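Coordinate analysis (summary)
Read off the chains here:
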Amino acid sequence: MDGNASNDESCNIDWDTDDEREIGNFPPSSSSSFSVPNGDVNAGSGEGCSSAGSAKFRLIYDMKFPEELVLKAIEQIGETEDFESLLETVLVLQALKDSPEPQQCVHSDQCSSAYDDGFLDDLSDSDSWCESSIADTTNSETVEDKRVLALTNMEYSVQEALIAIDRCGPEASVAELTDFITAAQMAKADDVFYKELPDESKKKRKLYELEVLKKKKRERGAYVAAEDETIRLPIPMVGYGVPTAEGSIVIHRNLPEAAIGPPYFYYENVALAPKGVWDTISRFLYDVQPEFVDSKHICAAARKRGYVHNLPIDKRFMLVPLPPRTIHDALPMTKRWWPSWDTRTKLNCLQTCIGSARLTDRIRKALEDYEDDPPKHVQKYVIDQCKKWNFVWVGRNKVAPLECDEVEMLLGFPKNHTRGGGISRTDRYKSLGNSFQVDTVAYHLSVLRDLFPGGINLLSLFSGIGGAEVALHRLGIRLKTVVSVEISEVNRNIVRSWWEQTNQKGTLIHIADVQKLNADRLEQYMASFGGFDLIVGGSPCNNLAGSNRHHRDGLEGEHSSLFYDYFRILDLVKCMMSRR
């Protein structure tokens with residue numbers, strides 16, 4: 001489920017958001033120019049305002065506002081005698097003008113020095129080592145200011161612009177905002193969205209509009225959970241407990257009533273998703289709270305994941321033999337060359353790509369000039385790169401990325417699971433980086449062995465390379481029927497090969513596109529073998545993982561929105577089985 005990490009050369013972050021580019025392409029306002037001859041304000045095509053209106057405009061100038069702001073306000077609201085509207089617009093424009101300029105990014109080829117070991121220890125879930133959250137680094141206040149100006153240049157009012165941004169959210173594009181305003185106007189929704197405020201409220205409106213941008217952006221500027229986001233990541237990340245971690249194991253929990261009953265379901269995705277994502281996932285999956293587990297408490301590699309499921313949590317057990325717990329247990333040949341100043345005992349998240357040969361050679365050259373331990377700054381540079389790319393020591397001053405068979409072992413798959421069949425080395429890394437950690441998943445699914453002694457009917461959505469199937473098989477649970485939905489032909493071939501190599505006696509059905517699995521097809525399958533006992537899957541994390549800095553769009557992203565297909569199919573199966 002991990003997105004591709006960034007390259008090793010630099011931390012290239014695009015500081016201009018799509019909204020800023022879009023606003024930059026807007027033509028200048030087509031409104032007529034304004035001038036103030038002899039202190040009088042003339043608007044439109046040379047026709048003067050009424051004497052009462054001119055007096056009010058002069059009153060605005062007398063309040064010592066900059067002339068360009070008054071002209072801009074007149075340009076926006078048009079010819080009007082509404083002194084209140086003009087004053088409000090001038091005040092808002094003044095607030096926009098006073099907003100701070102966005103800070104510039106300073107890049108460095110040696111950007112690893114800006115991060116301490118604690119940050120890199122949390123580099124799980126494809127959070128690229130040099131990643132800074134867009135919400136933390138982009139001056140979002142300036143983005144909203146520009147959208148307000150763009151909308152007012154399009155002859156929408158400041159009030160309409162502010163309401164549209166508030167309703168559509170901080171990431172809405174100018175096109176989305178204009179669609180919102182136009183739809184409200186066409187639907188004659190003024191009573192709903194633009195209701196005239198009581199006199200008492202009118203007195204407070206100007207102060208609100210002066211502060212609304214800064215207030216909202218102070219709340220949104222730091223990339224932290226919003227007030228309505230209730231799900232927080234636990235520390236330590238051990239879910240309801242794991243046998244290898246300190247602390248008690250929880251054996252009872254109360255499930256929401258809608259989640260109880262067949263089938264059992266099990267959903268997985270990256271723990272470090274954008275704010276609000278896990279609240280949405282939980283809400284759709286019958287308000288079941290996620291169980292967050294970092295696989296470093298079970299094996300030698302970190303993998304921070306959230307699991308939403310309705311499985312029992314008592315009588316869980318680990319797979320035997322237990323997975324290696326440390327790097328040296330998993331890769332004993334590296335111990336001979338491991339320097340004392342590299343204190344790692346666990347690997348970070350196993351990703352879909354590996355560090356380059358050029359980088360490993362750069363590390364060799366950085367170390368070869370020193371007979372004894374290198375200076376502290378060299379040690380830090382090397383360790384930062386090793387943590388980022390999961391390099392291990394294979395010789396004196398020599399580091400190397402993990403081999404595919406080593407990644408298979410660390411993730412709990414059988415040897416050569418992804419090898420052969422015309423599969424490239426690159427595809428092997430990609431498939432493994434997107435997979436389950438089998439020992440962790442097997443620990444959660446272990447409760448099913450006593451519940452289904454005769455075997456299980458499995459609906460495996462987004463199957464990948466069959467992590468759930470491998471876990472159930474290693475638990476000794478017979479796979480009677482498996483409907484495997486996976487778009488990648490490479491991954492389907494891996495699962496088919498594993499099915500044949502392990503002499504499975506059940507039925508394996510492959511489907512390529514999850515969106516084509518509809519009610520009729522589900523009814524057909526369920527009629528033939530009596531329904532599904534377990535629905536398992538982890539929808540793509542491309543738009544959730546921290547390394548995807550440019551398209552980290554949450555559950556609305558092109559790929560990660562497939563979560564809603566997981567819920568759609570699960571809900572269909574639950575309804576069909578309840579009728580049976």
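In the annotation of an unreviewed UniProt entry, the protein is listed under the name DNA (cytosine-5-)-methyltransferase and assigned to Heracleum sosnowskyi. Here the protein is described in UniProt, under the heading Subcellular location (unreviewed entry), as follows: "Nucleus". Under the UniProt heading Sequence similarities (unreviewed entry), the note attached to the protein is "Belongs to the class I-like SAM-binding methyltransferase superfamily. C5-methyltransferase family."

What follows concerns helix H8 (residues 158-168). The set of residues buried in H8 consists of Val158, Glu160, Ala161, Leu162, Ile163, Ala164 and Ile165. Gly169 sits one or two positions beyond H8 and adopts a positive phi of about 100 degrees.

Turning next to the UniProt feature "active site" (unreviewed entry) in the protein. Using the residue numbers shown here, the UniProt feature "active site" (unreviewed entry) corresponds to Cys541. One can find Cys541 in the loop between strand E9 (534-537) and helix H23 (563-579). Classification of Cys541 by relative accessible area gives buried; the value is 2%.

What follows concerns the sheet that holds strand E1 (residues 264-270). Sheet architecture is open: seven strands sit in the order E2-E3-E1-E9-E6-E7-E8, paired in mixed fashion. Only two strands of the sheet have a single partner each, and these edge strands are strand E2 (291-294) and strand E8 (507-511). Looking at each pair of strands side by side, their axes are set apart by 20 degrees on average, direction ignored. Judged from the four bridges that link them, strand E6 (residues 456-461) and E9 form a sheet pairing that is parallel. Paired with Leu461 across the bridge in E9 is Gly537.

Enumeration over the complete set of coordinates arrives at two cavities of 30 Å³ or more. The volume enclosed by the largest cavity comes to roughly 120 Å³. Class assignment for the residues of the lining of the largest cavity results in eight nonpolar, two polar and one charged.

For the rest of this paragraph, the subject is the nonpolar core. By size, the foremost hydrophobic cluster in this structure holds 67 residues, and its most contacted members are Val382, Leu445, Leu448 and Leu534. By residue number, the principal contributor to this core is helix H15 (residues 376-389), which donates six residues. When near neighbours in sequence (up to four residues on either side) are disregarded, Leu445 contacts Tyr266, Leu311, Leu472, Leu475, Ile477 and Leu534. Within the second largest apolar cluster, 40 residues are counted, among which are Leu459, Phe462, Leu517 and Tyr525.

Let us look at the side chain of Ser446. Looking at the secondary structure, you find Ser446 in the loop between helix H18 (438-445) and helix H19 (448-451). Classification of Ser446 as buried rests on a relative accessible area of 2%. Among the polar contacts listed, one links the side chain of Ser446 to the backbone nitrogen of Phe317, at a separation of 3.0 Å. A polar contact of 2.8 Å, which involves the side chain of Ser446, links it to the backbone oxygen of Tyr443. Apart from residues lying up to four places away in sequence, Ser446 is in contact with Lys315, Arg316, Phe317 and Leu475.

What follows covers the pattern of salt bridges. A full pass over the atoms with the stated rule returns twelve salt bridges. The residue Asp361 makes a salt bridge to Lys365 at a minimum N-O spacing of 3.4 Å. One end of the pair, Asp361, and the other, Lys365, are both in helix H14 (residues 357-367), four residues apart, so they sit about a helical turn from each other. Ionic pairing is found between Glu408 and Arg428, a salt bridge with its closest N-O pair at 3.2 Å. Of this pair, Glu408 sits in helix H16 (residues 404-411) while Arg428 sits in helix H17 (residues 425-433), and the two are 20 residues apart along the sequence. Residue Glu408 shares its accessibility class with Arg428, and that shared class is buried. In the salt-bridge network here, residues are joined through shared partners; they are Asp361, Arg364, Lys365 and Glu368.

Time to look at the packing of H16 against H17. For the pair H16 and H17, the least separation of the axes is 10 Å and the interaxial angle reads 15 degrees. Between H16 and H17, the angle falls in the class roughly parallel. Our pair here, H16 against H17, has a crossing hand that is left-handed. Contacts between H16 and H17 involve Cys404, Asp405, Val407, Glu408 and Leu411 on the former and, on the latter, Arg425, Arg428, Tyr429 and Leu432. When the residues that make up the contact of H16 with H17 are grouped by side-chain class, the tally is five nonpolar, no polar and four charged.

Before going further, it helps to examine the packing of H18 against helix H20 (residues 467-474). Interaxial distance between H18 and H20 falls to 9 Å at its minimum, and their mutual angle equals 60 degrees. The orientation of H18 with respect to H20, classified from their angle, is oblique. The interaxial crossing formed by H18 with H20 has right-handed handedness. Residues Val438, Asp439, Val441, Ala442 and Leu445 of H18 touch H20, and the partners they reach there are Gly467, Val470, Ala471, Leu472 and Arg474. Across the contact of H18 with H20, the residue classes break down as seven nonpolar, one polar and two charged.

Here the focus is the confidence of the model for the protein. When pLDDT is averaged across the protein, the result is 76; 67% of the residues are at 70 or more. Between the elements of the protein, mean pLDDT differs from a low of 34, seen in helix H1 (residues 18-24), to a high of 98, seen in H20. In this model, residues 100-141 is a region of pLDDT below 50 whose contacts with residues beyond four sequence positions or in other chains number 110 contacts. Scored below 50 in pLDDT, residues 200-210 shows 16 contacts in the model against residues more than four places distant or in partner chains.

Here we come to the environment of Ala164. If you trace the backbone, Ala164 turns up in helix H8. The buried category is assigned to Ala164, whose relative accessible area is 0%. Measuring from C-alpha to C-alpha, the distance between Ala164 and Phe180 comes to 6.4 Å, with 16 residues separating the pair along the chain. Beyond its immediate stretch of four places on either side in the chain, Ala164 contacts Gly169, Leu177, Phe180 and Ile181.

About the cut-offs
Every chain is numbered on its own, with residues counted from 1 as its sequence reads. Residues qualify for local features only when their pLDDT is at least 70, as the model is predicted, and side-chain atom pairs are given and counted only at 80 or more; totals for whole chains, interfaces and linings, by contrast, use all residues. Hydrogens and water molecules were not included; the side-chain quantities draw on all heavy atoms of the structure. UniProt positions are given in the numbering used here, feature names are shortened, and annotations may be inferred rather than shown by experiment. Only protein chains enter the accessibility calculation, which uses a 1.4 Å probe. A residue is then buried if its area is under 20% of the maximum for its type, exposed if over 50%, and partly exposed in between. A run of DSSP states H or I qualifies as a helix once it reaches four residues; a run of E qualifies as a strand once it reaches two. Both are numbered from the N-terminal end. Following DSSP output, two strands are said to pair if at least two bridges run between them. Whenever a helix is involved, its axis is fitted only over the stretch in contact; in every case the axis is a line through C-alpha atoms, and angles between N-to-C directions fall within 0 to 180 degrees. Note on definitions: the grid is 1 Å and covers protein atoms alone; a cavity is a set of points where a 1.4 Å probe fits but cannot get out; a pocket is an open set with protein on both sides within 12 Å along at least five of seven lines; lining residues have an atom within 4 Å of a point. Grid points are joined across faces, edges and corners, and a volume is the space filled by probe spheres set on the points. Gly counts as polar in this scheme, as do all residues outside two lists: the nonpolar Ala, Val, Leu, Ile, Met, Phe, Trp, Tyr, Cys and Pro, and the charged Asp, Glu, Lys and Arg. Buried Ala, Val, Leu, Ile, Met, Phe, Trp, Tyr and Cys residues form a nonpolar core when they are joined through side-chain atoms within 4.5 Å. Between two residues, a contact is recorded if the distance between any of their heavy atoms is within 4.5 Å. Two N or O atoms form a polar contact when they lie within 3.5 Å of each other; inside protein one atom must be a possible hydrogen donor and the other a possible acceptor, and for residues adjacent in sequence the pair counts only when both atoms belong to side chains. Every case where a carboxyl oxygen of Asp or Glu lies within 4 Å of a side-chain nitrogen of Lys or Arg is listed as a salt bridge. For this classification, under 35 degrees means roughly parallel, over 145 means roughly antiparallel, 65 to 115 means roughly perpendicular, and everything else is oblique. Two helices cross in a left-handed way if the nearer one is turned anticlockwise from the farther one by less than a right angle. They cross in a right-handed way if the turn is clockwise. For every residue, the predictor states its confidence as a pLDDT score lying anywhere from 0 to 100.

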